[in-house]
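# Secondary and tertiary structure notes
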Amino acid sequence: MGCTTVSELQCAVGRTLHESCDDFESEIIDPQTLYSLDFASRAMRIAVEAAPAVDGPTHFCCSLDLLGQQVPSGPTLLKRRQLMAAGWRVINVPYFEWHRLEGPRERRRYIESRVRYAMDAAPQPGIVATAAR
């Protein structure tokens, strides 16, 4: 997996993901939403939200919620919601969670637990548009 146009954080998440599950592809376009998915399993309909920097700092607002946690930005929330409406199970890997993980073993457990949780979650139904007559 080349890392010439993506962040080191994204490369690290990708390496860990590919070590845990070889069903994930890198850099695909979802034909329904036209979103770029940095990592996705078409068979499991699981997308790892990683554009462009695995939920990096630009994916969050400067403000904190009532619990002192960073709030995802509007465009990030919109992408997540649209992917879920298209039937994807979305895994979010916030940079501040990833950086707290210590070593490859803990990172692998983190990714594997996220994938297991996503597999257990019911997929969201796709939005079907009907024409009014």
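Residues numbered from 1 in each chain as written. Predicted model: local features only at pLDDT ≥ 70, side-chain atom pairs only at ≥ 80, totals over all residues. Heavy atoms only, no water.

The chain has the name RAP domain-containing protein in an unreviewed UniProt entry, where Emiliania huxleyi is given as its organism.

Another point: the environment of Gly 14. As for its position among the elements, Gly 14 is in helix H1 (residues 8-20). Put simply, Gly 14 and Phe 24 are 10 residues apart on the chain and 9.1 Å apart in space, counted from C-alpha to C-alpha. (Helix = DSSP H or I, 4+ residues; strand = E, 2+ residues; numbered from the N terminus.)

The next subject is H1. Every α-helix winds through 3.6 residues per turn, so residues three or four apart in the chain are directed the same way. Relative to the 18 Å expected for 13 residues at 1.5 Å per residue, H1 spans 18 Å between its end C-alpha atoms, a close match to the ideal helical length. When we look at burial in H1, the residues that qualify are Leu 9, Gln 10, Cys 11, Ala 12, Val 13, Gly 14, Thr 16 and Leu 17. On its buried face, H1 is in contact with strand S1 (25-29), strand S2 (36-41), strand S3 (46-49), helix H3 (95-100) and helix H4 (103-120). (Expected span 1.5 Å × (residues − 1). Buried < 20%, exposed > 50% of the residue type's maximum accessible area, 1.4 Å probe, protein only. Contact = heavy atoms within 4.5 Å.)

For any two helices packed against each other, the geometry is given by the interaxial angle and the distance between the axes. In contact at an axis separation of 9 Å, H1 and H4 are set at 65 degrees when each is read in the N-to-C sense. One finds that H1 runs roughly perpendicular with respect to H4. The interaxial crossing formed by H1 with H4 has right-handed handedness. Along the contact surface, H1 presents Val 13, Thr 16, Leu 17, Glu 19 and Ser 20, while H4 presents Arg 107, Arg 108, Ile 111, Glu 112 and Val 115. Here the residues of the contact of H1 with H4 sort into 4 nonpolar, 2 polar and 4 charged. (Axes fitted to C-alpha atoms, helices over the stretch in contact; angles between N-to-C directions. Parallel < 35°, antiparallel > 145°, perpendicular 65-115°, else oblique. Left-handed = near helix turned anticlockwise from the far one by under 90°. Nonpolar A, V, L, I, M, F, W, Y, C, P; charged D, E, K, R; others polar.)

Throughout the structure, instances matching the rule amount to 1 aromatic pair. Ring centres of Trp 98 and Tyr 110 lie 6.1 Å apart, and the angle between their planes is 70 degrees; on these two criteria the pair is classed as edge-to-face. Of this pair, Trp 98 sits in helix H3 while Tyr 110 sits in helix H4, placing them 12 residues apart in sequence. Note on accessibility: Trp 98 and Tyr 110 belong to one class, buried. Taking NZ or CZ as reference, Arg 45 lies 4.0 Å from the ring centre of Trp 88, over its face. (Phe/Tyr/Trp six-rings, centres within 6.5 Å; stacked < 30°, edge-to-face > 60°. Lys NZ or Arg CZ within 6 Å of the ring centre and 35° of its normal.)

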